[in-house]
Amino acid sequence: MYLQFYGFKEAPFNLTPDSKFLFLSHRHQEALAALLFGVQERKGFICLTGEIGCGKTTLCRALLNQLDPEQVRVCVVLNSYLTDLELLKTINEGYGLAAESDSKKTLLDTLNNFLIDEFKQGHNVVLIIDEAQNLRPETLEQIRMISNLETETAKLIQIVMVGQPELRRTLGLPELEQLNQRITVRYHITTLEPDEIAEYIRHRVAIAEPQVQVAFSEQASKLIAHYSRGVPRRINVICDRCLLIGYVQGTFNIDDKIVEQAISEIRGQAPGFEPSSTAGQVAAEISGGVPRWAAKLGWYAVVACVIAAGVFAGMWISSQNTEKVMASRDKKPHKQQIAPKPKKTAKPTPPPEAATPAPEPTMSAKPTPPPTPTPVPYDNWQYDSKGVLRVRDPKLAEAASYLTMLEQWGIRVRLDDYRNASPEDVSNYDWPKTIAQLNFKVYRTDKLSDALRLNLPVLVHFAGVDAQAAPYGVIVSMGGDYLELIDPLLGLRSVKRSALEPKVTEANVIYQDEAGLTGLSTGAKGDAVVKLQELLANEKKFNGVPDGSFGPVTREALQNLQRGVGLEPSGQVDPPTAAWISARLNPRGPTLD
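Position labels on residues start from 1 in each chain and follow its written sequence. Under the rules for a predicted model, residues below a pLDDT of 70 receive no local features and side-chain atom pairs below 80 are neither given nor counted, while totals for whole chains, interfaces and linings still include all residues. Neither water nor hydrogens contribute to the side-chain values; these are computed over all heavy atoms in the structure.

### Here's the deal with the sheet that holds strand 4 (residues 158-163)
Phase 1: Here 5 strands make up an open sheet; going across it, the order is 2-3-4-1-5 and the pairing parallel. With partners counted over all chains shown, the strands left at the sheet margins are strand 2 (72-77) and strand 5 (183-189), one partner each. The average angle at which neighbouring strand axes cross in this sheet is 15 degrees, direction not considered.
Phase 2: A strand pair is defined by DSSP finding two or more bridges across the two strands. Numbering of helices and strands runs from the N terminus, with a helix taken as a DSSP run of H or I at least four residues long and a strand as a DSSP run of E at least two residues long. Sheet analysis places strand 3 (residues 124-129) next to strand 4, joined by 4 bridges and oriented parallel. Here an angle of 0 to 180 degrees is reported between the N-to-C directions of two axes, which are lines fitted to C-alpha atoms, with helices fitted over the stretch in contact.

Now the structure itself:
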């Protein structure tokens with residue numbers, strides 16, 4: 001959700017083992033060199049161990065990226081809970097060999113013939129077994145038998161076993177002495193040193209190519225080092241949450257307060273993050289025991305520079321994203337036309353005629369807020385030269401903003417009814433009823449940040465606006481600290497979020513809930529619950545069977561999803577959660593990207 005805010009090409013702290021993000025500390029460099037040496041020199045057995053989350057799988061992916069696919073045949077076994085027969089079948093399948101037989105001799109013969117043929121062609125064959133600490137002793141003995149497939153001068157297959165420290169203890173069992181003696185290359189990865197944490201964070205941020213200066217303060221890096229204990233996966237979890245909080249707060253600078261908030265939110269979700277002392281005590285220890293304000297005082301100048309750099313970068317992003325948003329909006333079809341529904345009896349209007357499609361809005365690429373513009377003399381209910389619906393009477397601003405909001409969803413509304421009605425009549429139109437008739441739901445909040453995090457267009461109501469500005473408007477794009485706002489009176493404006501946010505008294509997001517998920521909670525049953533469970537499974541949050549029953553497992557999975565995307569972990573499908581899910585299920589809908 002925060003990619004657009006920082007301008008990242010991809011999330012820098014994903015937990016997936018992406019080798020391009022590999023940070024080569026001196027231990028990781030040595031480990032990768034050991035793996036390459038063992039494979040290229042045909043050493044046979046190679047063992048790589050390390051604590052959970054230290055980057056073993058990422059190292060293996062980096063190894064594969066450095067091997068020539070034309071010269072090296074690779075099979076990777078990810079499921080280590082296998083019997084010896086299942087392992088043989090998995091290996092043969094991995095190399096594209098026959099694996100139907102239940103005879104271990106037949107399977108071994110097939111594998112041996114394949115290895116000899118590859119050796120004759122000058123090829124190398126590599127077998128990587130991940131999570132090898134889960135292998136049973138009898139399965140490990142089968143692996144030793146595979147290693148016997150060799151010539152008088154060379155090993156026909158290089159076997160890389162990757163696992164947690166328990167693997168070393170298992171290999172030390174007396175019954176596995178023959179296998180243990182065959183391992184010629186071993187390496188154990190340890191955690192990062194405290195002074196490597198800041199460099200690790202900068203490395204991953206740089207690989208993600210942000211378009212603004214994203215800065216983790218020295219104090220923040222020290223706190224992250226303390227709570228993560230140097231484990232890369234824990235660092236990723238903390239930093240990812242820090243960036244989410246920074247996005248919510250509208251800042252590019254991650255300081256120790258944000259880290260403390262991130263730890264507070266993570267604590268309880270992952271036991272490994274429980275600190276030995278309070279966040280305040282840790283901060284005092286890191287800063288040498290001096291008060292927090294004194295420890296931070298020397299950094300104010302640095303923070304000011306970071307903010308200034310972020311603002312200028314944000315201005316540039318805004319201009320780029322404006323063109324992207326409107327280019328995608330130009331492709332949206334007009335879905336239908338509607339007439340307004342009054343709350344109370346209004347002046348009768350003649351039967352509407354089909355509207356002539358007007359040009360879709362085209363945003364200005366100017367990223368900085370211009371001086372207070374001189375109003376252009378547009379009549380009420382006219383589109384300006386940029387395709388923005390304009391009015392002159394502030395009483396019409398709410399209706400014009402709702403019509404603009406619907407246009408973001410591809411719905412162009414006929415304007416004759418509005419032109420024939422008085423401003424007083426229009427101000428009485430029942431917009432919630434109209435929105436409901438179009439199968440939309442509305443999420444209302446008094447916090448703009450809560451609405452923006454859903455990445456959908458936002459209709460905002462202001463207090464204390466400029467004399468010439470409208471009391472309503474629609475945010476249609478977001479880049480950095482700048483928002484593109486459609487003002488019914490002044491047209492398209494680029495405004496700074498930090499200046500706009502205090503003036504917002506209400507923010508509205510409309511969304512479609514075709515699956516009927518809104519309001520689902522513990523005890524609910526039916527097809528809508530199945531749909532929710534399937535979505536949670538796709539998001540890697542739900543491991544159960546989608547049975548249509550909203551129980552404790554579904555509730556916990558939903559809470560994990562809500563926490564992960566920055567929503568209140570209510571455990572039920574409240575309106576903001578339903579809006580987020582709606583955007584997920586409808587990727588062709590409007591966004592602020």
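### So, the confidence of the model for the protein chain
Phase 1: Confidence per residue, as judged by the predictor, is encoded in pLDDT with a range of 0 to 100. When the pLDDT values of the protein chain are averaged, the result is 80; 80% of them are 70 or greater.
Phase 2: Looking at the elements of the protein chain, mean pLDDT is at its lowest for helix 14 (residues 292-297), recorded as 36, and at its highest for strand 3, recorded as 94.
Phase 3: When checking whether two residues touch, look at their non-hydrogen atoms; a contact exists if any pair is within 4.5 Å. Overall, residues 341-377 carries pLDDT values under 50, and its contacts beyond four positions in sequence, including any with other chains, amount to 78 contacts.

### Details of the sheet that holds strand 13 (residues 482-487)
Phase 1: Taken in spatial order, the 6 strands make up an open sheet running 10-15-11-12-13-14, and their pairing is antiparallel. The open sheet is flanked by strand 10 (440-445) and strand 14 (491-496), the only strands paired with a single partner. Going across the sheet, the axis of each strand differs from the next one's by a mean of 30 degrees, ignoring polarity.
Phase 2: Across 5 bridges, the pairing between strand 12 (residues 472-479) and strand 13 is antiparallel.

### Side note on the pairing of strand 13
Phase 1: Throughout this description, buried means an accessible area under 20% of the type-specific maximum (1.4 Å probe, protein chains only), exposed means over 50%, and partly exposed covers the range between. Of all the 6 residues making up strand 13, 6 are buried; the element is thus mostly covered by neighbouring parts of the structure.
Phase 2: Here strand 13 shows no split at all, with Y482, E484 and I486 on one side and L483, L485 and D487 on the other all buried.
Phase 3: Joining the antiparallel neighbours strand 12 and strand 13 is a turn of 2 residues, in which G480 adopts a positive phi near 65 degrees.
Phase 4: As paired elements, strand 13 and strand 14 share 6 bridges and run antiparallel to each other. The residue bridging D487 from the neighbouring strand is G491, located in strand 14.
Phase 5: Connecting strand 13 to the antiparallel partner strand 14 that follows it, the hairpin turn spans 3 residues.

### Looking at a nonpolar patch on the surface
Phase 1: Like charges are joined within 9 Å and nonpolar side chains (Val, Leu, Ile, Met, Phe, Trp, Tyr) within 5 Å, but only among residues with over 30% relative accessible area and no salt bridge; these make up the patches. Per-residue accessibility takes into account occlusion by the displayed protein chains alone, with areas from the Shrake-Rupley method and a 1.4 Å probe. Should a side-chain nitrogen of Lys or Arg be within 4 Å of a carboxyl oxygen of Asp or Glu, the pair is scored as a salt bridge. The grouping of V74, V76 and L78 at the surface amounts to a nonpolar patch, some 240 Å² of accessible area in total.
Phase 2: Structurally, V74 is set in strand 2.

### Some points on the environment of L500
Phase 1: Counting through the fold element by element, L500 comes out in helix 21 (residues 497-500).
Phase 2: With 18 residues separating them along the chain, L500 and Y482 place their C-alpha atoms 9.5 Å apart.
Phase 3: In this view, L500 contacts F462, I475, L483 and V495; residues no more than four positions away in its chain are not counted.

### What to know about the pattern of salt bridges
Phase 1: Under the defined criterion, the tally for this structure stands at 19 salt bridges.
Phase 2: The partner of K20 in a salt bridge is E10, and the shortest N-O contact between them spans 3.3 Å. In this pair, K20 is assigned in the loop between helix 1 (3-6) and helix 2 (26-40) and E10 in the loop between helix 1 and helix 2, connecting sequence segments 10 residues apart.
Phase 3: The class of K20 is partly exposed, set by a relative accessible area of 40%.
Phase 4: Ionic pairing is found between R497 and E501, a salt bridge with its closest N-O pair at 3.5 Å.
Phase 5: One connected set of salt bridges, linked through shared partners, spans E10, D18 and K20.

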